[in-house]
Amino acid sequence: GVASLPWITYRRQGVNKNRATDHYLYDLLHNGPNADMTSIAFRTALMFNANLWGNGYAEIVLDGAGRVTEMWPLLSRYMEPLQRDADGVLIYPYRDPIKGLIRYPAWRIYHVLGPTLDGLNGLTPVKLHRQAIGLGLAEEGFGARFFGNGARPGIALKHPGTLSDTAYRHLIESWEEKHGGVENAHRMAVLEEGMELETF
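Below or above, wherever it landed, is the structure these notes cover.

Here is what the cut-offs are and how they apply
Residues numbered from 1 in each chain as written. Predicted model: local features only at pLDDT ≥ 70, side-chain atom pairs only at ≥ 80, totals over all residues. Heavy atoms only, no water. Core = buried A, V, L, I, M, F, W, Y, C linked by side-chain atoms within 4.5 Å. Buried < 20%, exposed > 50% of the residue type's maximum accessible area, 1.4 Å probe, protein only. Helix = DSSP H or I, 4+ residues; strand = E, 2+ residues; numbered from the N terminus. Phe/Tyr/Trp six-rings, centres within 6.5 Å; stacked < 30°, edge-to-face > 60°. Lys NZ or Arg CZ within 6 Å of the ring centre and 35° of its normal. Expected span 1.5 Å × (residues − 1). Arc of directions from axis to C-beta. Contact = heavy atoms within 4.5 Å. Pairing = 2+ DSSP bridges. Axes fitted to C-alpha atoms, helices over the stretch in contact; angles between N-to-C directions.

Next up on the list: the nonpolar core. Counting residues in hydrophobic clusters, the biggest one holds 12 residues: Trp7, Leu28, Leu29, Met37, Phe42, Leu46, Ala50, Ala58, Ile60, Val68, Met71 and Val112. Going through the elements one at a time, α1 (24-30), α2 (39-53), β3 (55-62) and β4 (68-74) are the ones with two or more residues in this core. Per element, the largest residue contribution to this core is 3 residues, and it comes from α2.

Shown next as structure tokens:
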């Protein structure tokens, strides 16, 4: 959804604003921030990183005159916690798998910030919602087991006497064979030797 929104430059004229198609950033934002990516592909990459890691990053490339010429997405999993140098300038330490550690000053990074507590570091949505995700997985597993058992609650066969190990295993195997699984749901059971069926 974010990637499909227009990403263009405007020029204010009084209380109005119009597209500034002659601005040097217009083509970079609207069409593509680098030679390999469209604007939509670039923003999609940023948003996927932000949604998975809490932050989306892109490197800003400048020419000799200080004008932005390109932007390249960075993989959020390689970005280390933000730091400040001796002068208090915010630094983005990026551990590139090929180039090694690169310490980007803040003006070299385009930062898409996710949910945050300090305004600088985004929180990973997966971690924020891990309890809800875990509950959903548990519910899915329970549902699979419950409906795999013919949507029946757990049962216990109560025998008035004491069964030998062989008789116990035979009873369990026989019951599972005749009444286990969805295909055997709701089959009539015949209990012998004074046994009773209880649900729990």
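Aromatic ring pairs: the centre-centre distance and the angle between the two ring planes describe each pair. For the structure on display, the rule yields 5 aromatic pairs. Note on tryptophan 7 and tyrosine 110: the rings are 6.0 Å apart at their centroids and 55° apart in plane angle, and the pair reads as tilted. Of the two residues, tryptophan 7 sits in the segment before β1 (10-13) while tyrosine 110 sits in strand β8 (residues 109-113), which places them 103 residues apart along the sequence. Seen from their ring centres, tyrosine 57 and tyrosine 92 are 5.8 Å apart, and the 75° between their planes marks the pair as edge-to-face. Taken together, the positions of tyrosine 57 in strand β3 and tyrosine 92 in strand β6 (residues 90-96) put the pair 35 residues apart, joining distant regions of the chain. Classification of tyrosine 92 by relative accessible area gives buried; the value is 6%. Linked through ring pairs, Trp7, Phe42 and Tyr110 together constitute an aromatic cluster. Over the ring of tyrosine 10 we find lysine 17, and its NZ or CZ is 4.6 Å from the ring centre. When the ring centre of tyrosine 24 is taken as reference, the NZ or CZ atom of arginine 67 above it lies at 3.9 Å.

A rise of 1.5 Å per residue sets the reference length of α2, with its 15 residues, at 21 Å; its end C-alpha atoms lie 21 Å apart and thus fit the reference within 8%. All of the buried residues in α2 are Ser39, Phe42, Arg43, Leu46, Asn49 and Ala50. Buried residues of α2, seen end-on, are gathered within an arc of 125° and therefore sit on one face of the element. Of the residues one or two after α2, glycine 54 is the one with positive phi, at around 90°.

Take the environment of valine 112 next. With respect to the helices, strands and loops of the structure, valine 112 is situated in strand β8. Residues valine 112 and alanine 50, 62 residues apart in the sequence, show an inter-C-alpha distance of 6.7 Å. If we skip the residues at most four places from it in the chain, valine 112 touches Leu46, Met47, Ala50, Gly54, Asn55 and Gly56.

Below, the discussion takes up the sheet that holds β6. A sheet is described by the order of its strands in space; here 3 strands give the open sequence β5-β6-β7, paired in antiparallel fashion. Only two strands of the sheet have a single neighbouring strand rather than two, namely β5 (83-84) and β7 (100-105). Pairing between β6 and β7: 6 bridges, direction antiparallel. Each bridged residue has a counterpart across the sheet, and for arginine 95 the counterpart in β7 is leucine 101.

What follows deals with the environment of tryptophan 107. Here tryptophan 107 shows up in the loop between β7 and β8. The spacing of tryptophan 107 and isoleucine 60 is 47 residues in sequence and 7.8 Å in space, taken between C-alpha atoms. Not counting chain neighbours up to four residues away, the residues in contact with tryptophan 107 comprise Ile60 and Leu62.

Across the sheet, which stays open at both edges, the 3 strands sit in the order β4-β3-β8 with antiparallel pairing between neighbours. Edge positions in the open sheet fall to β4 and β8, since each of these has one partner strand only. Neighbouring strand axes in the sheet, compared pairwise and without regard to direction, differ in orientation by 25° on average. In this sheet, β4 lies alongside β3 in antiparallel orientation, the contact comprising 6 bridges. Counterpart to valine 61 in the pairing with β4 is glutamate 70. With respect to the sheet, α2 is in contact with β3, β4 and β8, its orientation differing from that of β3 by roughly 140°.

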